[in-house]
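Survey of secondary and tertiary structure
The chain contents come next:
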Amino acid sequence: MQEESKRTDSGIEVKKVYTQQDLPVDMNGNCLPGEFPYTRGVQSDMYRGKLWTMRQYAGFSTAEESNKRYHFLLAQGVMGLSVAFDLPTQIGYDADHDLADGEVGKVGVSICSLDDMEILFKDIPLDKISTSMTINSTAYILLALYVALAKKRGIDLAKLSGTIQNDILKEYAARGTYIYPPKSSMRIITDIFEWSSTHLPKWNSISISGYHIREAGSTAVQEIAFTLSNGKAYVKAAIEKGLNIDVFGKRLSFFFNAHNNLFEEVAKFRAARKMWAQIMQDLGATDPKALMLRFHTQTGGATLTAQQPMNNISRVTIQTIAAVLGGTQSLHTNGFDEALGLPTEEAAGIALKTQQVVAFESGITDTADPLAGSYFVESLTNEIERKALELIQQIDTMGGSVAAIESGFMQNKIGESAYAYQKDIESNKKIIVGVNQFQSSNNVEIPILRIDESIRLQQIEKLKILKSKRDQSSVDACLLAIKDAAINNTNIMPPVIDAVEKLCTLGEIADTLRSVFGEYQA
């Protein structure tokens, strides 16, 4: 009987044994960590010099409740905050909008104004911690709110460090929280690049995200192919705006997923670094820091199961090891209960401790790129690169990411992969412990964090108070200035910052640009 072949989750065939003959010819055997093309890492000593930033993605309910969670996480040892926003905030609606009904505070924190932002970061030193904000279509508004808060506290903007996701292309391809048409959205993003490069030297003005592409069902190969292709589109748009690739290129960062196929994930991260260094060099970058792919990782939300949820702790541990072996600069670990609801404080604490155990007890951090030279890992790195480059070349032939998204190419590829993966689970070809194999009738009661509907009423009341205390004529003038900037193609960031300082709301600012750019219909 012929033995069934083994394949990675991307469909790459895995041989029974790998030998020296499987090492790629162009392996760059003399390449060291911290040297072009950075396959082995972006720092020469990697974690011996500095550990990755340990983040916990958090945000729910009101700014007050989220602030309490941030203080808990900081006390537990997180090194940077990662803010989750609710859906109305993500798509530019205040809590009192009809379309916000039923969603306020549910999957993240509700932020409508500078008042909310002040409460969210109460007693948190913005100049001493790094803040990541997972926000895209309204990233320009949330960045403006963060800047306005720093200015109000008298903090030097040059000391602010962190990231806004600000990656709108993957929203069209995989996630759906877009507002404006692609070309208008790209214009907003390049405005952010331009303004940030002058005023926020330590701030990453985009986190080009493969995470949500993978969550939507892509393979590991598609994740990096589509993400790096989107990255090329952003870089080209910035160059067309007249920005210096060696300046803004140093402030680009990436956001990847970590799944359970340990060696494929490690190889994916290594391949992505090598590919991006070459892409940036081809686009004209010469500064080594502009060639380096720096990335945040989040463990795979789509891999978590509602069945036997405690098994998720093991899954997250494997994914944490993959991210660290792959050389991540920042990491969020999911709570074991996130297939059921928002993570409880206990689950968030265990998730953070998982990172700390790997960092301080496993020995993985003692040397840079410990899997370098592995016949299997080097061969897999090379094969992932080859397959991802084939996809990128297809996208380039179409005219780039925007054209590939508008034609539905990316969406269709992701959908096909998601369908094939689900079929493999249903046919037991792919085993998921506790789901299609090794089920148990012993159901453990897991506490679930629930968000009360009264949160929306609280936010609506806050908005009423805010609108009663502000100067309406100043508000009207600020919104008109934003509209003029949008129409006349001048940078929107200065008038948006002025607007949030005058207490214009997120919804009012988003609607102002809706009146100019319109809304995208898929």
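Relevant structure appears above.
Residues numbered from 1 in each chain as written. Predicted model: local features only at pLDDT ≥ 70, side-chain atom pairs only at ≥ 80, totals over all residues. Heavy atoms only, no water.

A word on the overall build of the protein. Helix and strand counts for the protein come out as 20 helices and eleven strands. By the compact-globule yardstick of 24 Å for 522 residues, the protein fits well, its C-alpha radius of gyration being 23 Å. For the C-alpha atoms alone, the extent of the protein along its principal axes is close to 80 × 60 × 45 Å. Considering the protein as a whole, with its 522 residues, one finds that 57% of them fall into the buried category. A fraction of 79% describes how many contacts in the protein between residues 6 or more apart in sequence connect residues 24 or more apart. By element, 51% of the accessible surface of the protein is carried by carbon and sulfur atoms, the whole surface being about 21200 Å². Each charge class in the protein was averaged separately, 52 positive and 62 negative side chains, and the resulting centres sit 3 Å apart. (Helix = DSSP H or I, 4+ residues; strand = E, 2+ residues; numbered from the N terminus. Rg over C-alpha atoms; globule rule 2.2 N^0.38 Å. Buried < 20%, exposed > 50% of the residue type's maximum accessible area, 1.4 Å probe, protein only. Contact = heavy atoms within 4.5 Å. Areas by Shrake-Rupley, 256 points an atom, 1.4 Å probe, with all protein chains shown as cover. Lys, Arg positive; Asp, Glu negative; His and termini not counted. Charge placed at Lys NZ, Arg CZ, Asp CG, Glu CD.)

The final tally for this structure, using the stated rule, is 34 salt bridges. Asp 9 is the salt-bridge partner of Lys 430, the closest N and O atoms lying 3.0 Å from each other. Of this pair, Lys 430 sits in the loop between helix 16 (409–426) and helix 17 (454–469) while Asp 9 sits in the loop between strand 1 (6–7) and strand 2 (13–14), placing them 421 residues apart in sequence. A relative accessible area of 25% means that Asp 9 is categorised as partly exposed. Taking the shortest distance from any N to any O, the salt bridge between Glu 65 and Lys 68 comes out at 3.3 Å. (Salt bridge = Lys/Arg side-chain N within 4 Å of Asp/Glu carboxyl O.)

Before going further, it helps to examine a nonpolar patch on the surface. On the surface, Ile 431, Val 433 and Phe 438 cluster together to form a nonpolar patch covering roughly 290 Å² of accessible area. Position of Val 433 among the secondary structure elements: in the loop between helix 16 and helix 17. (Patch = residues over 30% accessible without salt bridge, like charges linked within 9 Å, V, L, I, M, F, W, Y side chains within 5 Å.)

Attention shifts here to helix 1 (residues 63–76). The first and last C-alpha atoms of helix 1 sit 20 Å apart over 14 residues, in line with the 20 Å expected at 1.5 Å per residue. Every buried residue of helix 1 is listed here: Ala 63, Ser 66, Asn 67, Arg 69, Tyr 70 and Leu 73. Down the axis of helix 1, the smallest arc covering the buried residues is 160 degrees, so these residues share one side. With respect to the buried face of helix 1, the exposed residues turned more than 90 degrees away are Lys 68 and Ala 75. Residues of helix 1 that are buried in the fold lie against strand 3 (53–58), strand 4 (80–84), helix 3 (114–120) and helix 13 (345–361). One or two residues past the end of helix 1 sits Gly 77, with phi positive at roughly 115 degrees. (Expected span 1.5 Å × (residues − 1). Arc of directions from axis to C-beta.)

Moving on: the pairing of strand 9 (residues 252–258). When you tally the buried positions in strand 9, you get seven out of seven residues, the bulk of the element. The alternating pattern of strand 9 places Leu 252, Phe 254, Phe 256 and Ala 258 and Ser 253, Phe 255 and Asn 257 on opposite faces, both of which are buried. Where strand 8 (residues 206–209) lies against strand 9, four bridges are found, and the strand directions are parallel. Looking across to strand 9, one finds that Ile 208 is bridged to Phe 254. (Pairing = 2+ DSSP bridges.)

What follows deals with the packing of helix 1 against helix 13. Relative placement of two packed helices is described by the angle separating their axes and the distance separating the axes. Axis separation between helix 1 and helix 13 bottoms out at 11 Å; the angle between their running directions is 30 degrees. Overall, the two elements helix 1 and helix 13 adopt an arrangement that is roughly parallel. Every pair of crossing elements has a handedness; the one defined by helix 1 and helix 13 is right-handed. Facing helix 1, whose interface residues are Arg 69, Phe 72, Leu 73 and Gln 76, helix 13 presents Glu 345, Ala 348, Leu 352, Lys 353 and Gln 356. Here the residues of the contact of helix 1 with helix 13 sort into four nonpolar, two polar and three charged. (Axes fitted to C-alpha atoms, helices over the stretch in contact; angles between N-to-C directions. Parallel < 35°, antiparallel > 145°, perpendicular 65-115°, else oblique. Left-handed = near helix turned anticlockwise from the far one by under 90°. Nonpolar A, V, L, I, M, F, W, Y, C, P; charged D, E, K, R; others polar.)

Right, let's talk about the packing of aromatic side chains for a bit. Enumeration according to the criterion identifies 19 aromatic pairs in this entry. A centroid spacing of 5.1 Å and a plane angle of 20 degrees characterise the contact between Tyr 172 and Tyr 178, whose relative ring orientation is stacked. On the basis of relative accessibility, which here comes to 7%, the residue Tyr 172 falls in the buried class. Ring plane angle 20 degrees and centroid distance 5.0 Å describe the contact between Phe 269 and Phe 295, whose orientation is recorded as stacked. One end of the pair, Phe 269, is in helix 10 (residues 262–282); the other, Phe 295, is in strand 10 (residues 295–299), with 26 residues separating them in the sequence. Looking at Phe 269, the relative accessible area reads 1%, which means it is buried. Residue classification places Phe 295 among the buried positions, given a relative accessible area of 2%. Grouping aromatic residues by their ring pairs yields a cluster made of Phe 254, Phe 256, Phe 269, Trp 276 and Phe 295. The ring of Tyr 18 has Lys 15 sitting right over it, with the charged end atom 5.6 Å from the ring centre. (Phe/Tyr/Trp six-rings, centres within 6.5 Å; stacked < 30°, edge-to-face > 60°. Lys NZ or Arg CZ within 6 Å of the ring centre and 35° of its normal.)

Moving on, we come to the sheet that holds strand 10. Spatially, the nine strands line up as an open sheet ordered 7-6-5-4-3-11-10-9-8, and their pairing is parallel. For this open sheet the edge positions go to strand 7 (203–204) and strand 8, each flanked by a neighbour on one side alone. Its contacts with the sheet place helix 4 (residues 139–152) against strand 5 (130–134), strand 6 (161–164) and strand 7, and it is angled at close to 155 degrees to strand 5. Of the strands in this sheet, strand 9 and strand 10 touch helix 10, which is tilted by about 160 degrees from strand 9.

Counting 81 residues, the largest nonpolar core has Met 117, Phe 121, Met 133, Tyr 140 and Ile 509 as its most contacted members. No other element matches the twelve residues that helix 4 contributes to this core. Excluding its chain neighbours within four sequence positions, the residues that come into contact with Met 117 are Ile 111, Met 133, Leu 142, Leu 145, Tyr 146 and Leu 149. Core analysis: the second largest hydrophobic core is formed by 59 residues, Ile 208, Val 221, Ala 267 and Ile 392 among them. (Core = buried A, V, L, I, M, F, W, Y, C linked by side-chain atoms within 4.5 Å.)

Between the first and last C-alpha of helix 8 (residues 220–240) there are 31 Å, a value that for 21 residues agrees with the 30 Å anticipated at 1.5 Å per step. Across the 21 residues of helix 8, 18 count as buried, placing the element largely inside the fold. In the segment just after helix 8, Gly 242 is the residue with positive phi, at about 95 degrees.

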